[in-house]
Structure formats: C-alpha cells, structure tokens
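Now for the letters of each chain:
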Amino acid sequence: MHYSLPRKYVPVYFLFFSAVAFFLFAFSPRSEAQTTKVKGRVTDASTGEGIPFANVYFKNTTIGVTTDMDGYYTMETRDHSVNILCAMILGYEARETAIANGGFNQINFMLKPVAQSLNAVVIKPDDHYVRWILRQVHRNEYKNNPEKRRKYECDTYDKMELDLTNADAQIRNRLIRKNFGFVFQYMDTSVVSGQPYLPVMISETFSHYYHQSDPSLKKEVINASRISGIDDESTVAQFTGNMHVKTNFYDNFISIFDVHIPSPLSENGTVYYNYYLVDSLYIDGRKTYQIRFHPDKLVSSPVFDGEMSIDARDFALREMHARLKKGSNVNWVRDFVLDITHQPLPDSTWFYKQDKLYVDFSLALRDSSKMMSFLGNREIDYSNPVFDKAFPEKIIKSDTDVSVCDSAYDKKEDFWQTVRPDPLTEKEQNIYSMVDSIKNVPLYNNIYTLVNTVVNGYYNTKYIGFGPYFKVFSFNNLEGARFQAGFRTTSDFSDKWRFTAYGAYGLGDKALKGGGKIEYMFDNVRTKKITVSAKRDVIQLGKGNGAFAESNILSSLLSKNSGHKLSPANEYSMSYQHEWYQGFEDNISLESRRIFSNEYVPMLKPDSTSVSSLAYNQLRYVMRFSWDETVTRGTFDKVYLNTDYPIVTVDLSGALKGISHNDYDYLRMSASVLYHLQIPPAGVSDFRLTAGKIIGTVPYPFLYLFEGNGTYYFDDTAFACMDFYEFAADTWSTFFWEHNFRGFFLGKIPFMKKLQWREIFEIRAAYGTLSDRNNGIPGSVSSADAPLLFPSGMSSLNKPYVEMGVGVSNIFRIIRIDAFWRMTHRYHTVGGIREKADHDFALNFGLELNF
C-alpha cells in the first residue's frame, strides 16, 4: 500500500494547471448539459423590489429553495422529469413557467400582489421561536452530529472539477484559437453565476473513511482515483479524497481557506445572524422547519447568508445552503457556496449524505468583471456507514492519515459506474479526453514551460533545470556585482538522485565561488533522504529565514544603507533526514564550516592581532514534532503548510577541537515553539518562542547572533530595527507575536470596509546573557580572556530588547506595510560615547498571498 498525507488546501498542481489554462483557453456559445439548472430573481411586479423568502420549486417535487433577502435564488437537479418551475409566497399570486430540462435556465418571476387589500406584512427575525429550535438542536447534537459518534466508517465518492470563465473577453489571439479551437464543444453554464465556463480538470476518488472519537483517529484509504491531465497521479491523488474537506455545521466555526466563518448552528449564532422561520413542510413524511439566516449588519467579519432545514422530530440538521456574504474580507473568492445534506438512518440517528462546494476564484471580485476566473466544484457523497465496528489493525497502526492503494489508478470504467451515485454527464465524460488532447498541442508545452519557470525558479529541460533565475545577478558591498549560474537534475533524470551545482563570480572581490549538492531519496512518502553538500561562498551570519535573506536581485535592491555584513566561508555537510511518522522527524548531520575575516567582519584577538579564519566541526541533531499538520510533498522536497497545534523543534549540536586549524569545541542546545492560533472573529495570532544555551568558550561568530533585518522587506523571523552583529549571547530567548485582526476594526468603518485592509499588531522581544569567557566587548573587564573582540557596535543584551509594530495588510490584496519602533536599547555606547541606535524606527513592506 502506498501511503500519503493529509491536506486542507487546493494543491499546487491544480493551481499550476490553472495558471497554464489561463494562457490557453477561449470559449464559444454554450451547449446543453444533462443537469437542469435554474437561476433568477423573484420581484414585486408593482415595485420591482426583490421578494425575500419566496418559495421557488420544481412542480410535483420536494426540490426547492427560498429566495434570499434580495429575492435571488439558484437551484439545480438531475431529475429529468422536471419541466415546470413555480414561485409563491403569502400575499402574492403564484406563478409557474416551463423550463428546459437538462439545460441552463434564467427565470425571473414578477409576482403580483393579491387583489384583496391586506395590511402590509413586515417580516422580522423570529427571535423567540427560532432560539428555541436552535437550543433543541444543541441539546440533541450528541446523537445527530456524526462526529460525536464513538466510531464509524463509510464509503465516500468525491468528484472535483475546475472550470475557466470569461476567456473570450481576455484572449483573442488567433494562434491560441487555432490550436485549441476544439475545446469549444465542451462549454457549460454555472447555475450560481450564470456564466458560461470551460471545464479544464476533473477528478474522481472512491475512498473508505474511518473515524474514532476517543482516542482520536481519522484515516482514509483511497481505493480508486483518476485525474484528467495529470501524469503523476500518485502525487496528486492525496489531495482528492475526503480528509479535511468534510464540512460540519455543528461546529461553531467553519474553516475555509484558513478563514474561520461562524456556523449558523453555532452556540453563539445569534451574535452573527438574524433568523427567520419561513416555512414548515413535510419531507419524507417528517415535519421540517425551513429557517433562513441573514448576517447582522454590525458584523464585519466573513459570514454566511442562506437557509437551513431542521427536522422537527429529532431537531437534526437535514439541509444547509450557505453562501459567503457579498463583500466579505476574503481574497480571491468572488463567490462561495456550500450545500450540505444529512439523512436519517434506521436507528433514528443522522449521518452525512452529500456535501457540495462551489468557489469562484477571481482577481476581480465585481460580478460584472470580465476578467478570467476559475470555478471550483466539489461533490462528496457518503454511503454504507457502519458504526462501532472494530477497525483493521493495519488502519490503527498506519502512521499516515491518507493511504493510496497500489491499484487505485488501474480501475476501469465499469468499476466507476458501480460507485458513482449519479452517472457523469456527457460533458464530464468528455473532459478526460479533452485534456489529453490539449497536452498533445505543442503550444501547450511552451506555455507550460514558461509558467513552470516562473513558479519554480528553474528553466527545465527533460533532465536538467537551469537557475534559479532570481540569483543570476545581485550586488553587495563585499562582492560588488555578482553573477551566478546553476543547474539541478529533474525527476525525469531520476526520482531517487538529484544533483545540484552552481558557480558565481564577484567583480568587486574578483573571487570565484560555487557549490554542489547530492541528494538520494530512499522514500518520499515518509521522508528518508541523505544529502551531501559542499560550497565556497559568502554567508550572512545572524540573518532571519525570510525570502530575501540570501543574495538575490531583490535583496540587493532592498538593502538598507548599513547593508549586509558578509563573510567568505567554506561549508561541508552530510546529513540524513528520517521521518518516523507523519508529524515526527529528525535530522542528523556532520557539519564543517570555516569563516574568513574581511574588512566588514574583522576578526581581532584581544591583543589586536588578526585572525585570518576560524572553524568548527560539529555533530548536529534536529528533531521536529507537529500534530495534524498539512504537508505537500514533491519528489525531493516537502512544504509544511499549517496545523492548528504548536510545532516543537529541538536543535542539539556539539563540536570537537583539534580536527582542523583554529577550531573550537562547544555544546549548543536550543528549542523553539511555533503556534498559529485562530481567534475568530477577531483574527489570528502567530507566536514564536525560542530559547537556547552554548556551553564552552567560542568566538563571537559562533555565539548566538540575534537576527537582524538588513533590508526593507518584511521578515517575520528577524528583528526589524536590529542591525546585523548588534547583539550576541550564549544564553538567550526570543519571542515573536503577530496578531492579524483581518479587518475586525477597519471593517466597521464604511469607507475602509470597501478597501478590505487588515490591521496588524506586533511585538518582538529578546533577552540574552554573556558569560565572561565569551564577552569580547572592547573595554569590558573580561574582554582580555575572550577568543575574539567584538566588532564595533556589537554588545550583549544586558536588558530585554523590545520592538513593537503596527501594520496594514491586504493593500491591493497582496501588499503589507509595517512600522516598527524600538522600545528599548534606543541608545548604545561605542568607544565610550553614547549614541542613538542607527535604526530605532523601521518601515517594512512585503508581499502576501492570503485568502
């Protein structure tokens, strides 16, 4: 059995394929589909105003919806017998009209008030009775919420489709139309937006899902999977199952794209929503309450608008139709709709039946925009639930949440016909062959290569990738203008071995640099990898982990006046990374580094004699632990995305003296905790706490150098107002806290609400001490015993360092600007003279791609 990982987000592969499609497709007039879709509005014939809570339904069926507060509705069905649509509400004459079965219908009803003179009916939130119904839902949740069951397992069928809209208004290139004109026949129409769209990807997955409450266990076995247009199905299949996609409205908040939206069934739902009891009807012989919920006008955080059906006997959720409120502060999402259906079981309990998700991804959020956008549709059907049955031993002992059977990609059409709850439409069936045809067009390969280069940084041929392109040219005060060229092998060359090498030359120091790395991957499902590397280059000690901490063109352009303080260095390492189970891994390595003195980072002994270089040779062990973390895995690399729990890292290293010239021995220990804490609706906090200690006598380059930021670019792992080599310690702790309110306050200001800016507050603090044997501050009592004198301006943290910041993010949806002030250490003493710190204020800007 092939094991994989959990996931919560749209995978990179799908986004990448979408980017390629952006360059390719155009559309023509639509053709019919097999699903009947209707969309429209119900209005008052005399005033033209929308009528809320009107019943719209297919005649002689129980399929229907109520209109929203503005009178709009959308609905679709696979029932081929429907041909008449009806609209009715108390006080108006009912209307019905014929519709085209198996196609898209735009139907607007204008209802006439009844002839009798009636007093105006004002619909208000039914506070008392609806509150009573919601209380009964909460009291009966223990038996109606499937997640409260002690143990269950079930089959799931998952169908996902990605579509392209508005291509015709954007792409008029004759070359593209000539090469891809055959796609016109695959057009369809969205029931939600009414826009014609072109399907560009479809996937189907059939899985078996296991759930246990105590102890907590969630496992999924993917028995069958197929994905259009994807060569490496084993990598992508992990994203197409049911894990972390299922939506449970019994929870207080629904997590969508890392945005927590209050559920209409939340215990505090009345804080966010007004409720209206609009109807009582019988479904399958059971009385059902139809309740519409509408966001409170004072709520500025993202909320839903929609309706739900509550069973009157068991007070269980039967159906939920929830649509993201227009104007919600959620990036890139123009529309979002969830349709959830639960079903009663013979034992009088309730279980999932179907989840439907619709997302309209767009750069422009106006409905009238003709900019190209992508529609995502996902449908999950649940069947064959079994409760309180003992799970197979191999499922319990499995160390990953998702496993993919070896035969999952070999299933034939006759198998899929037996597991689908409904047959694929003709359009859906043709997507597989359409995408394969697109891949055979030469122009597709050219565009694919262009997008891949931009995303990954390397221009890939079949076996070799050249790059990274953003490091081809840079400049700094040590090297002057720097030119670099490199390559790495691709997975087509080998999915076990990867070779990477580069060379660089500085016109200022006239020195040749370079390096290489060899990786061997034993297993990329649970990472087991050996890496051997060597390089001779310049490095920046005491830097953060930000994107612009390394030499590249952007870090050069954004460098502060004080710039970088680089040091030439030779580095060699051999490491082994072992992932024991998902969430727990360690890395053991042998590392050697020699650092050379230069005019910007001098090395002087207390007697003022110069040291040309110094070195360490160490054994290092790093352990990382997380829980329920989302990870994406490629052939050689993996990216950690998110978890709702703290991440703990322990880093231990020890060096021996006498292996090479002028080296040192020491023991270094450190630990860190990272925590991403959701606090809906008031935003999200990120915490980072580190602490460590060095035992031994070491020169200042081997001390803990507090992370400075040498650029104007935002780096959340460094101190914005701190310079490189400003503070050092052999016992230290740091604390980073950032809280993003996500428009909680600004969203309440009318003219700011439209901008959808998000307010940020930050605190960064550090504290450290220096033992006398490592204190090389010139003029200090103990400096004569230190291995090296500290550079000018470098000192210890004799009192805590604190900087605070405020910022605004989501400017044009991608820009953030932060202002930081030093609260302490605003002055320091250099050569006995008290001077103001070079940077007691810093203005940073950055780019963020967040929902």
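From a predicted model like this one, the values you see are computed outputs, not experimental measurements.

Here we come to the overall build of the protein chain. Of the regular secondary structure elements, the protein chain holds 13 helices and 48 strands. Relative to its full complement of 851 residues, the protein chain shows a buried share of 53%. Look at the contacts in the protein chain between residues 6 or more apart in sequence, and 65% of them connect residues 24 or more apart. Only carbon and sulfur atoms are counted for the fraction: they give 56% of the accessible area of the protein chain, which is about 38400 Å².

We now examine the pattern of salt bridges. The final tally for this structure, using the stated rule, is 41 salt bridges. For R318, the salt bridge goes to D284, with nearest N and O atoms at 3.6 Å. Here R318 is found in strand β19 (residues 317–324), whereas its partner D284 is found in the loop between β16 (273–283) and β17 (286–295), with 34 residues between them in sequence. D284 sits in the exposed class, given a relative accessible area of 67%. The partner of D311 in a salt bridge is R286, and the shortest N-O contact between them spans 2.8 Å. With D311 in strand β18 (residues 304–311) and R286 in strand β17, this pair connects stretches of sequence that are 25 residues apart. For D311, a relative accessible area of 0% corresponds to the buried category. Residue R286 is classed as buried on the basis of its relative accessible area, which comes to 12%. The network of salt bridges with shared partners includes E738, E762, R764, R816, D818 and E848.

Below, the discussion takes up the sheet that holds strand β43 (residues 795–796). Ordered in space as β39-β40-β43, the 3 strands form an open sheet in which the pairing is mixed. Of all the strands in the sheet, the pair left with one neighbour each is β39 (704–705) and β43. Here 2 bridges tie strand β40 (residues 727–729) to β43, and the two strands are oriented parallel to one another. For A728, the partnering residue across the bridge sits in β43 and is S796.

Another aspect to go through is the nonpolar core. Grouped together as the largest cluster of nonpolar side chains are 44 residues, with contacts concentrated most on F249, L265, F304, M308, I310, M320 and F336. Residues contacting I310, with those up to four places away along its chain left out, are I133, V137, L265, K287, T288, Y289, I291, F315, A316 and L317. Among the nonpolar cores identified, the runner-up in size contains 42 residues, and M603, V611, A720 and L770 belong to it.

A few words now on the packing of aromatic side chains. Aromatic rings in a pair are described by how distant their centres are and how their planes are angled relative to each other. This model, assessed by the stated rule, comprises 44 aromatic pairs. When the centroid spacing of 6.3 Å and the interplanar angle of 80 degrees are considered together, the rings of Y664 and F702 count as edge-to-face. With Y664 in the loop between β36 (647–655) and β37 (666–678) and F702 in the loop between β38 (684–695) and β39, the pair connects residues that are 38 residues apart, well separated along the chain. This pair shows no difference in class: Y664 is buried, exactly as F702 is. Ring centres 6.0 Å apart and planes at 75 degrees place the aromatic pair Y713 and F845 in the edge-to-face group. Here Y713, found in the loop between β39 and β40, pairs with F845, found in strand β48 (residues 841–847); they are 132 residues apart in sequence, far enough to count as distant. Relative accessible area serves as the criterion here: at 12%, Y713 is assigned to the buried category. Taking the relative accessible area as the measure of exposure, F845 reaches 34% and is therefore partly exposed. Site record: aromatic cluster; members linked through ring pairs are Y152, Y209, F351, Y352, Y382 and F387. Lying across the ring of Y458, R488 places its NZ or CZ 4.0 Å from the centre. Over the ring of F596 we find R536, and its NZ or CZ is 5.6 Å from the ring centre.

Below, the discussion takes up the side chain of E738. Of note, E738 is situated in strand β41 (residues 731–740). A polar side-chain atom of E738 sits 3.5 Å from a polar atom in the side chain of R816. The contact partners of E738, leaving out residues within four places of it in the chain, are V684, S685, D686, F714, I760, F761, E762 and R816.

Note on strand geometry: in a regular strand, side chains alternate between the two faces of the sheet. When β41 meets strand β42 (residues 758–769), the two strands line up antiparallel, connected through 10 bridges. Its bridge partner being in β42, F735 is matched across the sheet by A765.

Attention now goes to the side chain of N617. Position of N617 among the secondary structure elements: in strand β33 (residues 613–625). Of the residues examined, N617 reaches a relative accessible area of 13% and is grouped as buried. Among the polar contacts listed, one links the side chain of N617 to the side chain of S660, at a separation of 3.0 Å. Side-chain polar atoms of N617 contact the side chain of D663, separated by 3.4 Å. Each residue touching N617, except ones within four places of it in the same chain, is listed here: E591, S592, G654, A655, L656, I659, S660 and D663.

Read from one edge of the open sheet, 4 strands run β4-β3-β6-β7, paired in antiparallel fashion. Edge strands, defined here as strands with exactly one partner in the open sheet, are β4 (64–66) and β7 (95–98). Strand-to-strand twist in this sheet, taken as the mean axis angle between neighbours without regard to direction, amounts to 15 degrees. Note: strand β3 (residues 55–58) against strand β6 (residues 84–88), 4 bridges, orientation antiparallel. Looking across to β6, one finds that Y57 is bridged to C86.

At the junction of D214 and P215, the peptide bond is cis and its omega measures out at -5 degrees in the coordinates. Looking at the secondary structure, you find P215 in the loop between β12 (196–212) and β13 (217–227). Non-glycine residue N60 carries a positive phi angle of around 65 degrees. Assignment of secondary structure puts N60 in the loop between β3 and β4. Taking the relative accessible area as the measure of exposure, N60 reaches 76% and is therefore exposed. We note that K510 has phi near 50 degrees; this positive angle belongs to a residue other than glycine. Within the secondary structure, K510 sits in the loop between β28 (497–506) and β29 (511–523). Given the relative accessible area of 61%, K510 is considered exposed.

Take the environment of A729 next. Structurally, the position occupied by A729 is in strand β40. For A729 and L770, which are 41 residues apart along the polypeptide, the C-alpha to C-alpha distance reads 5.0 Å. Ignoring anything within four residues of it in the chain, the contact list for A729 reads L703, Y704, F706, G768, T769 and L770.

Conventions and cut-offs
- Residues numbered from 1 in each chain as written.
- Predicted model: local features only at pLDDT ≥ 70, side-chain atom pairs only at ≥ 80, totals over all residues.
- Heavy atoms only, no water.
- Helix = DSSP H or I, 4+ residues; strand = E, 2+ residues; numbered from the N terminus.
- Buried < 20%, exposed > 50% of the residue type's maximum accessible area, 1.4 Å probe, protein only.
- Contact = heavy atoms within 4.5 Å.
- Areas by Shrake-Rupley, 256 points an atom, 1.4 Å probe, with all protein chains shown as cover.
- Salt bridge = Lys/Arg side-chain N within 4 Å of Asp/Glu carboxyl O.
- Pairing = 2+ DSSP bridges.
- Core = buried A, V, L, I, M, F, W, Y, C linked by side-chain atoms within 4.5 Å.
- Phe/Tyr/Trp six-rings, centres within 6.5 Å; stacked < 30°, edge-to-face > 60°.
- Lys NZ or Arg CZ within 6 Å of the ring centre and 35° of its normal.
- Polar contact = N/O pair within 3.5 Å; in protein donor to acceptor, adjacent residues only side chain to side chain.
- Axes fitted to C-alpha atoms, helices over the stretch in contact; angles between N-to-C directions.

These figures come from the coordinates and say nothing about function on their own.
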